[in-house]
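# Structure at a glance
Here's the letter readout for the chains.
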Amino acid sequence: MRIPAWDFPLSALSRETSVHYEPDEQVERIKAEVVRKLSYSLGKSPAVAQPHDWLTAAILAARDHVIDVWQKSTRESYATGRKRVYYLSLEFLIGRSLADTLNNLGLTGSMAQALRELDVDLAGIENLEPDAALGNGGLGRLAACYMEAMASTGVPALGYGIRYDHGLFKQRIDGGRQIEVPEDWLSFRNPWEFERRESAYKIGFGGTVAAGGKPGQVFWAPEETIFAVAYDTPVVGWQGRAANTLRLWRARAMHPLSLDAFNQGDLVGAVAERNRAEAISKVLYPNDSTPVGQELRLRQEFFFTSASLQDLVRRHHRQFGTLNNLAEKAAIQLNDTHPSLAVAELMRLLIDEHEVEWERAWEITTATISYTNHTLLPEALETWPVALMERLLPRHMQIIFGINARFLDGVRRDAPDADLSALSLIDEYHGRRVRMAHLAFVGSHKVNGVSALHSNLMKETVFAPLHHVFPDRITNVTNGITPRRWLFNANPGLTNLLKETCGDKVADDIGLIRQFGKHADDAAVHDRLAAIRRENKLRLATIIRQDCGVTVDPAALFDVQIKRIHEYKRQLLNILETIALYDAIRSEPYRDWAPRVKIFAGKAASNYATAKSVINLINDVAAVVNNDITTRDRLKVVFLPNYNVSLAETIIPAADLSEQISTAGMEASGTGNMKFALNGAITIGTLDGANIEIGERVGADNIAIFGMTAEEVEAARRDPRPSADIIHASAHLEGVLDAVAGGAYSPRDRDRYAGLVEGILANDWFMVLNDFESYRLTQRRIDSLWADQARRWRMSVNNTAHCAWFSADRAIREYAQRIWNLPAAAPGEG
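Residues numbered from 1 in each chain as written. Predicted model: local features only at pLDDT ≥ 70, side-chain atom pairs only at ≥ 80, totals over all residues. Heavy atoms only, no water.

Let us now look at the overall build of the chain. Tallying secondary structure elements over the chain gives 34 helices and 22 strands in all. Counting across all 830 residues of the chain, residues that qualify as buried make up 60%. Considering only contacts within the chain whose residues lie at least 6 apart along the sequence, 76% involve residues at least 24 apart. Working note: accessible area of the chain is about 32000 Å², and carbon and sulfur atoms make up 51% of it. Side chains of the chain give 93 positive and 104 negative charges; the mean places of these two sets differ by 3 Å. (Helix = DSSP H or I, 4+ residues; strand = E, 2+ residues; numbered from the N terminus. Buried < 20%, exposed > 50% of the residue type's maximum accessible area, 1.4 Å probe, protein only. Contact = heavy atoms within 4.5 Å. Areas by Shrake-Rupley, 256 points an atom, 1.4 Å probe, with all protein chains shown as cover. Lys, Arg positive; Asp, Glu negative; His and termini not counted. Charge placed at Lys NZ, Arg CZ, Asp CG, Glu CD.)

Now the structure itself:
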């Protein structure tokens, strides 16, 4: 079968990937490749090349090796006609790629030696690579892990997203406050990507819908049309066995300049169309607190969804000549609710563009699409005003009404007593809004949660009415992380110890780390772990000193909470308990306190005032605590700015304690909890998300659980306990709240946090007050644990040894088997 030229890069195949090179020969070859890229791609000689030039040359040389694998994978995929996964995600939090790519290709040592002989330090230039700022948190990082895992497990896949010019935002801390500035990750261009100008699709908005010339035919005439231009990045799997494509869309105006307006002196109006179009791919998650912001969010979601669906339908039709077998050859995975419009858009393409009858189009759509839900938070289960949808996407609104009518007719017939208002895709009681999660659910053949608890709560809460109608649709696939980035790359010291104790093949089969558990009581292993952890902490301490101006002791307990700032993640609970600890140390300065460094990092949404206030409070508390001589080195508080993937790769291997303290029942899964545990940190957490499954695998003796269960949280919300009673039951809480509300940590603005405290006193929705005392007592048990080194390192060993199951490879195999119906081969965790 002919391989379409439009589906893979056209660069020449300059090497045979099967050729084996001896180490010295490979070093010389890579050295020549880097110098050639420096000369012919960058126009620089080694004598005048700057560090960033060497970085780009090294990336381009590594990329050539990836291209060989990429093209081979593409040819095989088309030759065999294998089913392919199309993974739609509004976020892909990739981070830096050079170290990960070299590791997966097995070229790290050769590249390091080659550059060393050119007087260049590989580690130094790796740190210059910008993080690809295409995500905000766990959702985007999971998508990136899964792209790498699909390549590693041999699952043919295309990831689809948006090529944001500025990503989320770069966080700066000024006077303790979060300041958002544009992210500039593309300032030196992205040498990993290939622009595909030939792969550009028209995306329409607004306009009119009219009947066509044939019976039942409908014609949509958009008022506004823009281009979606593709940029492809190859993602290589472990040992370079296969590579998949991450295709990101950039918005372009049909007419980038109105020459008439320009010549008449209207310089702003001349580029108005261009600016409006390009705004779609400017930033991730624009502020949607205004009608303009809401419209931009909807335009973003439809833009990338439509481009992706048009692309996959075109490639499928070119290869197979029909769309009747789409579900047999394509699996469309919606990563959360943002791409839910794929249901309506695929129906439009099938019905309007390819003249498929409605019933058959619906069969194809539901058999092809599946949906991953990542949260039960109402704000994440998006709804859009019907009026906005009718104005912006009139044809899609017609299709959604049609889907809803047929769905509800079927429910009336099969379950006449069902609550149709709860099942309807249209919420008629809150200003008529389209329920996008309902649309994704009804339009999918499988819907999965991302932890056992989360999947059960989906059935019991937000999707309970739909689950009653479709009792077999919800399944579970607990999240996973790639150990190649989060263990082998991030923590080479621990990796070497695992190879010594579990065998060299541990990199190929992460399940072999179970054998590490045999060394849980080995004092020599404990000593090695202590030395490795200290080195990691020294590296982090350097960053803390550079970014925060605070000197921390690597011998102290590094207590870490790094994640998106949100009320349900409860950074507020953490900092309130920190204040209680600070008060206790001052009250009993001669007590043998466990030295502790409280490390926070994370971004708050630009319009999330409460979350930004929590960041401010953390920094205000840090300013007081870090300058109080009575605490000496027994307590430090730091907030590291501009949290990203690269910073996480430094923080996680250095952590002693992993804070996973979300309100029970509100964290879908989490992946940070898995990364910390795999690297040997001890979890302090609630029975929420994947914490439960981590506890089941590492054992109750190796995790510190506190607080209310999800059932207890729901009961407390139905019958809330008076705040005064909760405060009275704690000897510490009242003093902490009074200090915060009274301005003890904001002396220049005494009322700064009065509203924050009043809010939780009036409505403790996130159980900050309810869980405070349990959390505080558990932290004091951690103090005792810190003094028992043998027990502490035994717990660390058991965490690492029993977290192989949380590999992204396992998760992808489960998706392949349970949802996508395709084979996946991977190094087994067992």
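Any pair of aromatic rings gets described here by the distance separating the centres and the angle formed by the planes. All chains considered together, the criterion is met by 14 aromatic pairs. Centroid distance Tyr201 to Trp249: 5.7 Å. Interplanar angle 75°. Geometry classified as edge-to-face. A residue pair is termed long-range when its members are at least 10 positions apart, and Tyr201 in strand β5 (residues 194-205) and Trp249 in strand β9 (residues 243-253) qualify at 48 residues. Overall, the relative accessible area of 8% leaves Tyr201 in the buried class. Relative to Phe463, the ring of Phe441 lies with its centre 5.2 Å away and its plane at 35°, an arrangement referred to as tilted. Highlighted residues: Phe441 in helix α17 (residues 436-442) and Phe463 in the loop between α18 (452-460) and α19 (464-469), separated in sequence by 22 residues. Residue Phe441 is classed as buried on the basis of its relative accessible area of 0%. (Phe/Tyr/Trp six-rings, centres within 6.5 Å; stacked < 30°, edge-to-face > 60°.)

On the basis of which strands lie adjacent, the open sheet formed by nine strands has the order β5-β8-β9-β2-β1-β10-β11-β15-β16 and mixed pairing. Sheet topology places β5 and β16 (474-476) at the edges, where each strand pairs with a single neighbour. Strand-to-strand, the axes of this sheet are offset by a mean angle of 25°, without reference to chain direction. Summarising the sheet, strand β15 (residues 446-449) and β16 pair through three bridges and their orientation is parallel. When the bridges of β16 are listed, Val447 appears paired with Ile474. Sheet contacts for helix α12 (residues 342-353): β1 (84-88), β10 (330-335) and β11 (369-372); angle to β11, the most-contacted strand, approximately 170°. (Pairing = 2+ DSSP bridges. Axes fitted to C-alpha atoms, helices over the stretch in contact; angles between N-to-C directions.)

A sheet is described by the order of its strands in space; here six strands give the open sequence β19-β18-β17-β20-β21-β22, paired in parallel fashion. The open sheet has two edge strands with one neighbour each: β19 (635-640) and β22 (704-705). Lying over the sheet, helix α22 (residues 523-548) contacts β17 (557-562), β18 (596-601) and β19, oriented at roughly 70° with respect to β19.

A few words now on the pattern of salt bridges. Under the defined criterion, the tally for this structure stands at 59 salt bridges. Salt-bridge contacts for Arg247 lead to Asp311; the nearest nitrogen and oxygen are separated by 3.0 Å. Here Arg247 is found in strand β9, whereas its partner Asp311 is found in helix α10 (residues 291-320), with 64 residues between them in sequence. Side by side, Arg247 and Asp311 carry an identical accessibility label, which is buried. A salt bridge links Arg412 to Asp409, with the shortest nitrogen-to-oxygen separation between them at 2.7 Å. Taken together, the residues Arg412 and Asp409, both in helix α15 (residues 394-414) and three residues apart, mark about one turn of the helix. (Salt bridge = Lys/Arg side-chain N within 4 Å of Asp/Glu carboxyl O.)

With that settled, the discussion passes to the nonpolar core. With 172 residues, the main nonpolar core has Met150, Phe303 and Trp820 as its most contacted residues. For this core, the element with the most residues is α10, which contributes nine residues. Excluding residues within four positions of it along the chain, Phe303 makes contact with Ile162, Ile203, Ile226, Phe227, Ala228, Trp249, Arg250, Ala251 and Ile280. Within the second largest apolar cluster, 54 residues are counted, among which are Val625, Ile682, Ala739 and Val768. (Core = buried A, V, L, I, M, F, W, Y, C linked by side-chain atoms within 4.5 Å.)

What follows deals with a nonpolar patch on the surface. Taken together, Leu257, Leu259, Phe262 and Leu267 make up a surface patch of nonpolar side chains, about 390 Å² in accessible area. By the secondary structure assignment, Leu257 is in the loop between β9 and α7 (259-263). (Patch = residues over 30% accessible without salt bridge, like charges linked within 9 Å, V, L, I, M, F, W, Y side chains within 5 Å.)

What follows concerns the environment of Ala524. Structurally, Ala524 can be placed in helix α22. What makes Ala524 partly exposed here is its relative accessible area of 48%. Distance from Ala524 to Pro747, taken between C-alpha atoms, is 50 Å for residues 223 residues apart in sequence.

The buried fraction of helix α3 (residues 98-105) is high, at seven of eight residues. Within the sequence span of α3, burial applies to Leu98, Asp100, Thr101, Leu102, Asn103, Asn104 and Leu105. Those residues of α3 hidden inside the fold are in contact with α2 (51-80), α4 (108-117), α5 (122-126), α6 (138-152), β8 (224-236) and α20 (483-489). One or two residues past the end of α3 sits Gly106, with phi positive at roughly 75°.

Before going further, it helps to spend a moment on the pairing of β15. With three bridges connecting them, β11 and β15 associate as parallel partners. Across the sheet, residue Ser370 finds its bridge partner in β15, namely Lys446.

This part covers empty space enclosed by the protein. Taken as a whole and assessed by the stated rule, the structure comprises eight cavities of 30 Å³ or more. Taken together, 33 residues form the lining of the largest cavity, with Ile94, Gly95, Ser97, Trp192 and Thr233 sitting closest to its centre. Of all the secondary-structure elements, those providing two or more residues to the lining of the largest cavity are α2, α3, α6, β8 and β9. Sorting elements by how many residues they give to the lining of the largest cavity places α2 first, with five residues. (1 Å grid on protein atoms, 1.4 Å probe; cavity = no way out; pocket = protein on both sides within 12 Å on 5 of 7 lines; lining within 4 Å. Points joined across faces, edges and corners; volume = space filled by probe spheres on them.)

Bringing the pairing of strand β3 (residues 170-174) into the picture now. Two elements, β3 and strand β4 (residues 177-181), share five bridges in a ladder whose sense is antiparallel. Opposite Gln171, over in β4, you have Glu180 as the bridge partner. Linking β3 back to β4 in an antiparallel pair, the connection comprises two residues, with Gly175 at a positive phi of about 65°.

Viewed as axis vectors pointing N to C, α12 and α15 meet at an angle of 100°, and their least axial separation amounts to 9 Å. Overall, the two elements α12 and α15 adopt an arrangement that is roughly perpendicular. Residues Val343, Ala344, Glu345, Met347, Arg348, Ile351 and Asp352 of α12 form the contact with α15, whose own contacting residues are Arg395, His396, Ile399, Ile400 and Ile403. Residue composition of the contact of α12 with α15, grouped by class: seven nonpolar, one polar and four charged. (Parallel < 35°, antiparallel > 145°, perpendicular 65-115°, else oblique. Nonpolar A, V, L, I, M, F, W, Y, C, P; charged D, E, K, R; others polar.)

Let's shift gears to the packing of helix α1 (residues 23-40) against α4. It is at 8 Å that the axes of α1 and α4 come closest, and there the two elements cross at 65°. Our pair here, α1 against α4, has a crossing hand that is right-handed. In this structure, α1 contributes Gln26, Val27, Glu28, Ile30, Lys31 and Val34 to the contact, and α4 contributes Ser110, Met111, Gln113, Ala114, Leu115 and Glu117. For the contact of α1 with α4, the per-class residue count stands at six nonpolar, three polar and three charged. (Left-handed = near helix turned anticlockwise from the far one by under 90°.)

It is worth spelling out the side chain of Asn616 at this point. Mapped onto the secondary structure, Asn616 falls in helix α24 (residues 609-625). Among the residues examined, Asn616 registers a relative accessible area of 5% and is labelled buried. When neighbours within four sequence positions are excluded, Asn616 is seen to be in contact with Gly175, Gly176, Arg177, Arg752 and Tyr753.

Tracing the backbone shows Val469 in helix α19. Residues Val469 and Phe558, spaced 89 residues apart in sequence, show a C-alpha to C-alpha distance of 49 Å. If we skip the residues at most four places from it in the chain, Val469 touches Phe407, Val411 and Leu423.

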